[in-house]
Every structure is written in structure tokens, then in C-alpha cells.
Amino acid sequence: MRVSGSAAALCAATAVLVGGLLVAAPAQAAPAAACSGDRLSAAGAVRTDSTRVRFTVVNEGPACELRGFPTVALSGQGAPDRNTPLRVVPRGEARPVQLPQGGSASTVLTFTPVLGEADGFCASGAEPTTAPSLVVGVAGTGFQVAPSDGGQFALCGNSVRATAFR
């Protein structure tokens, strides 16, 4: 019987002869489907210091893969059409995060600080912006969240730095 070169290579790639036993190579698991926003819940926006907030989502569905960076908008201005989108400046490299059912992933949002007390000021000379909540976009869904300490979000400018989900 004649075996072609490509068939022999395929056999060599999928099986290994170990101590006289033929052992098949382990099968690769299929990649998890992308997370769907309707299967995620927001665990909140926890202030880690005066300029940073950790936003966490929990997977309530089957295992999935979360990718990339969030979108962010200031909200709480009376109507969804009055939300103010912020430019997200990515920090670090986005890698897929495998989320089993009940698993969580977080991103850290960092704002340009408002300086001073009470009314505050921006080092750039711009007017400070405050909002009672944010809409954080993840996997096609927006989660409206308020700071964990009951305060408001305050920032200078129209951008936010965000780490990839991990």
C-alpha cells in the first residue's frame, strides 16, 4: 500500500508513538462565542481613587469571550439623547478574556482630574464637567452606572483612558 507524503505528514501531526502505543493528539476546543451584552450584568463602578473607576461585568450566560475596550458616555442629563460620548483612549493591549458562567472581567477608566475644592478647575483652562452616571458600552449593550460612593463623575476634557477587559 502506498501512502502519499501529505497523508503521512497528517498522521505524524495527529498521533504520536509513545512506548509502543499510538496516542492521539488532544483535540483543540472550539473557541467560545463572543459575549452578548444581554447575558452580562454590571457589578458596578467602584472608585479606586479620585480619577479612577473600576467597572466590572459578570457573565450570566454560557461561557463566552469578551474582547476589546468599552465605550463610555456621560449620562444622567435627563434623557438618553443628551448623553455625551467620551473619546476612549485605549491603555494596553486588548486580549480575549474567557468568561465562564458567573465569571467576571473589569476595565479601569481614568479621567483627567478636576483640580481644587468645591467648583474646581481644569489645568487646561477648560470648564470641568460633572455627571451623576456613565453609560459604559460592552458587547453591544450600554450599562448605566453611578459611582459606588454616591458622588458624581468629574472630569476635564472629553476623553477617558480605559484598560482592556481582564
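What comes next concerns the included structure. (Residues numbered from 1 in each chain as written. Predicted model: local features only at pLDDT ≥ 70, side-chain atom pairs only at ≥ 80, totals over all residues. Heavy atoms only, no water.)

**Some remarks on the environment of Ala45**
- Residue position: Ala45 is located in strand β3 (residues 40-49).
- Sequence-wise, Ala45 and Leu134 are 89 residues apart; in three dimensions their C-alpha atoms are separated by 9.0 Å.
- Once residues lying within four places of it in the same chain are set aside, the contact partners of Ala45 are Val53, Arg54, Val145, Ala146, Pro147, Ser148 and Phe153. (Helix = DSSP H or I, 4+ residues; strand = E, 2+ residues; numbered from the N terminus. Contact = heavy atoms within 4.5 Å.)

**Overview of the packing of aromatic side chains**
- Applying the stated criterion across every chain, the model contains two aromatic pairs.
- Judged by centre distance (6.2 Å) and plane angle (45°), the ring pair of Phe55 and Phe143 falls under tilted. With Phe55 in strand β4 (residues 52-59) and Phe143 in strand β12 (residues 141-145), this pair connects stretches of sequence that are 88 residues apart. Taken as a pair, Phe55 and Phe143 share a single burial class, namely buried.
- Geometrically, the ring pair formed by Phe111 and Phe153 is tilted, given 6.0 Å between the ring centres and 45° between the ring planes. (Phe/Tyr/Trp six-rings, centres within 6.5 Å; stacked < 30°, edge-to-face > 60°. Buried < 20%, exposed > 50% of the residue type's maximum accessible area, 1.4 Å probe, protein only.)

**Overview of the sheet that holds β3**
- One open sheet accounts for eight strands, arranged β3-β4-β9-β14-β7-β6-β11-β12; its pairing is mixed. The two strands at the open ends of the sheet, each matched to only one other strand, are β3 and β12. Each adjacent strand pair in this sheet contributes to an overall mean axis angle of 30°, direction not counted.
- Relative to strand β7 (residues 84-91), strand β6 (residues 71-75) runs antiparallel, the two being bridged by three bridges. The partner of Ala73 across the bridge, within β7, is Pro85. (Pairing = 2+ DSSP bridges. Axes fitted to C-alpha atoms, helices over the stretch in contact; angles between N-to-C directions.)

**Some remarks on the state of the cysteines**
- Scanning the entire structure with this criterion turns up two disulfides.
- Residue pairing for Cys35: its cysteine sulfur links by disulfide to Cys64, the two sulfurs lying 2.1 Å apart. Measuring handedness by torsion sign, the sulfur bridge of Cys35 and Cys64 sits at about 80° and is right-handed. With Cys35 in the loop between β2 (21-24) and β3 and Cys64 in strand β5 (residues 64-66), this pair connects stretches of sequence that are 29 residues apart. Exposure class is identical for Cys35 and Cys64. Each is buried.
- One disulfide in the model links Cys122 with Cys156; its S-S distance is 2.0 Å. For the disulfide bridge between Cys122 and Cys156, the dihedral angle about the S-S bond is near -95°, and by the sign convention the bridge is left-handed. With Cys122 in the loop between β9 (104-111) and β10 (129-131) and Cys156 in the loop between β13 (153-155) and β14 (159-163), this residue pair connects regions lying 34 residues apart in the sequence. Both residues of the pair, Cys122 and Cys156, belong to the buried class.
- Disulfide partners in the protein chain, listed by the sequence order of the bonded cysteines, are 1-2, 3-4. (Disulfide = S-S within 2.5 Å.)

**Here we look at the pattern of salt bridges**
- Summed over the entire model, instances satisfying the criterion amount to four salt bridges.
- Among the salt bridges present, the one from Glu65 reaches Arg67, with a minimum N-O distance of 2.6 Å.
- With relative accessibility at 10%, the residue Glu65 sits in the buried group.
- Note that Arg95 and Glu93 form a salt bridge whose closest N and O atoms lie 3.5 Å from each other. (Salt bridge = Lys/Arg side-chain N within 4 Å of Asp/Glu carboxyl O.)

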